[in-house]
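In case you want the letters, here they are:
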Amino acid sequence: MPFWLCLVIGAVVGGIVVGIMLSQLHTVRPNNAAADYVIRDSFRVTMQDETFLGKTTNRTPRMQQQQQPPHQGGPSQHP
Amino acid sequence: MADMMEYKCPACGGKLEFSSTEQQMKCPFCDSVFDVATLQSYDEALAAAPESDMSWESEAGSEWEQGEADSMRVYHCQSCGGEVIADETTAASKCPYCDAPVIMTGQLAGELKPDLVIPFKLDKEAAKKALLQHMEGKPLLPKIFKSENHIDEIKGVYVPVWLFDAGVEAQIHYRATKVRRWSDQQFDYVETSTFAVRRGGNIAFEHVPVDGSAKMDDTMMEALEPYNFAEAVPFQTAYLSGYLADKYDTDAEASVARANDRIRQSTLNAFLQTVRGYDTVNTEHDSIRLEHGEAKYALYPVWLLNTSWNGTKYTFAMNGQTGKFVGDLPSNKGKAWGIFFGVTAAVTAVLYVISMLLQSGQ
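S.K.: Requested: an account of the pairing of strand β1 (residues 44–61) of chain A, with residues and values cited.
M.R.: Pairing of β1(A) with strand β10 (residues 187–211) of chain B, which is carried by 16 bridges, proceeds in the antiparallel orientation. Residue pairing for β10(B): M47(A) is matched across the bridge by G200(B). In this structure, β1(A) lies alongside strand β3 (residues 33–34) of chain B, joined through two bridges in antiparallel fashion. Paired with K55(A) across the two strands is V33(B), which belongs to β3(B).

Pasting the structure below:
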């Protein structure tokens, strides 16, 4: 694993740790839903249906390098 | 046929065209193909879906009875302009919200009487203890904040809230997809099937609270939830003894929008959970209609603690019934950076050493 990748993973872990610690200081958060106030057993689904509308299929060529000889190194040029 | 030209692709939203070779509607953008009759009924169902109606009938609060409000005093805050109420035995000297001096302006008159009150269950000592616990186990809280800050004043305040009850009838249209992937020797295939999904039904809410005080931070009141409404009792002035009570300055009509937002969000969440087995689900149209929407006026108990540190005011609040404690704390930015760099360096070193060992072992 190259050093830069180790550094990136380290920075992400460091960011997560500090983010969790900072979130502990922030406790005033809005409550955007009203799930605590749903009357028990009041939720009833009286209609549920599904209609198939159509489908689409996309195909993409598989990776070409499996069929090509191994890369020899050096710069490559694209037309 | 002119109507058909107006159809939009349920998969990507592009304008569909009729394909004479396939005798079906085809999207020129994503190549999806749809049956004409199915599209027609799908569009008709969407067009026939009822519009949302979230209107309320509010008769919250009642008039004070003869002599009932005589013992109540009104105090005016000279700083934030707020007015709080206390009974004649409770002296109020400072505003519970901004800590500025308050002056008595007279007796209570003309305001609505609350329908209900949840009485305080926890005392001032419990609030002090909760603040200390609130500051425990937080590595980024400056140590000096704990030692230097002192609570200027702790006030027990009955905060006015509007409580909304409503039944909801909902009809929601979703566009959902199932994705199937496979490969052969030459190609990778992705097949996306598109479905129109409908859900309809009912759900009921009771006592959805919305802060009726402009001075009390709405977000802080929501953070203090939930209150146990089973312990609410009909309002009597006796419950105010020893506490302050805020007068509502945001009426029920102005609070409806927030109640609607919360009810709507919970309704959408509840129905969305019933749409299973798809890879993607997007809401196309929803119709949420309230039935028997009613509002009540109540007082909820809150302990407010104000403190200042480094020239910044910090307000904490405790649910006077359940003890839930909230309040944002300052952070030690230098320590935060130190921990960030420390963890980054440690993880980087460990990963690099492991990768070196693995490489040398090969």
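Read on, since the account is not over.
S.K.: Give me the nonpolar core: which residues, what numbers.
M.R.: One finds F145(B), Y158(B), F164(B), V168(B), W303(B), L305(B) and F316(B) to be the most contacted residues of the largest nonpolar core, which totals 64 residues. Contributing elements (two or more residues each) for this core: α1 (3–23) of chain A together with α2 (124–134), β9 (153–183), β10, α5 (252–272), β13 (280–309), β14 (312–319) and α6 (333–361) of chain B. Counting only domains with at least three residues in this core, you end up with domain 2 (57–166 + 202–265 + 291–331) and domain 3 (337–362) of chain B. Residues V159(B), A298(B), Y300(B) and L304(B) belong to the second largest nonpolar core, which totals 25 residues.

S.K.: Account for the interface of chain B and chain A, with residues named and values stated.
M.R.: Listed as interface residues are 79 residues of chain B and, on the opposing side, 51 residues of chain A. Buried area between chain B and chain A, both sides added, is near 5,700 Å², and the carbon and sulfur share of it is 61%. Here chain B is connected to chain A by three salt bridges. Ionic pairing is found between R62(A) and D188(B), a salt bridge with its closest N-O pair at 3.4 Å. Across the chain B-chain A interface, the total number found is 35 residue pairs in polar contact (both at pLDDT 80 or more). Secondary-structure elements contributing two or more residues to the side of chain B that touches chain A are β3, α1 (36–48), β9, β10, α4 (218–224), α5 and α6 of chain B. With 23 residues, the single largest contributor to the side of chain B that touches chain A is β10(B).

S.K.: How would you explain a nonpolar patch on the surface if you had to name every residue and give the values?
M.R.: All names here are of chain A. Taken together, the side chains of W4, V8, V12, I16 and I20 define a hydrophobic patch exposed on the protein surface, amounting to about 510 Å² of accessible area. The residue V12 is located in helix α1 in this model. You can call V12 partly exposed: its relative accessible area is 46%.

S.K.: Which residues make up α1(B), and what are the values?
M.R.: All names here are of chain B. In this model α1 runs 18 Å from its N-terminal to its C-terminal C-alpha over 13 residues, within 8% of the 18 Å that 1.5 Å per residue would give. If you check which residues of α1 are buried, you get V36, T38, L39 and Y42. Relative to the axis of α1, the buried residues are bounded by an arc of 160° and lie together on one face. Residues E44, A47 and A48 are exposed on α1 and point more than 90 degrees away from its buried face.

Quick notes on the rules
- Residues numbered from 1 in each chain as written.
- Chains lettered and ligands numbered in written order.
- Predicted model: local features only at pLDDT ≥ 70, side-chain atom pairs only at ≥ 80, totals over all residues.
- Heavy atoms only, no water.
- Pairing = 2+ DSSP bridges.
- Helix = DSSP H or I, 4+ residues; strand = E, 2+ residues; numbered from the N terminus.
- Core = buried A, V, L, I, M, F, W, Y, C linked by side-chain atoms within 4.5 Å.
- Buried < 20%, exposed > 50% of the residue type's maximum accessible area, 1.4 Å probe, protein only.
- Domains from an automatic or database assignment.
- Contact = heavy atoms within 4.5 Å.
- Buried area = accessible area lost by both parts, 1.4 Å probe.
- Salt bridge = Lys/Arg side-chain N within 4 Å of Asp/Glu carboxyl O.
- Polar contact = N/O pair within 3.5 Å; in protein donor to acceptor, adjacent residues only side chain to side chain.
- Patch = residues over 30% accessible without salt bridge, like charges linked within 9 Å, V, L, I, M, F, W, Y side chains within 5 Å.
- Areas by Shrake-Rupley, 256 points an atom, 1.4 Å probe, with all protein chains shown as cover.
- Expected span 1.5 Å × (residues − 1).
- Arc of directions from axis to C-beta.

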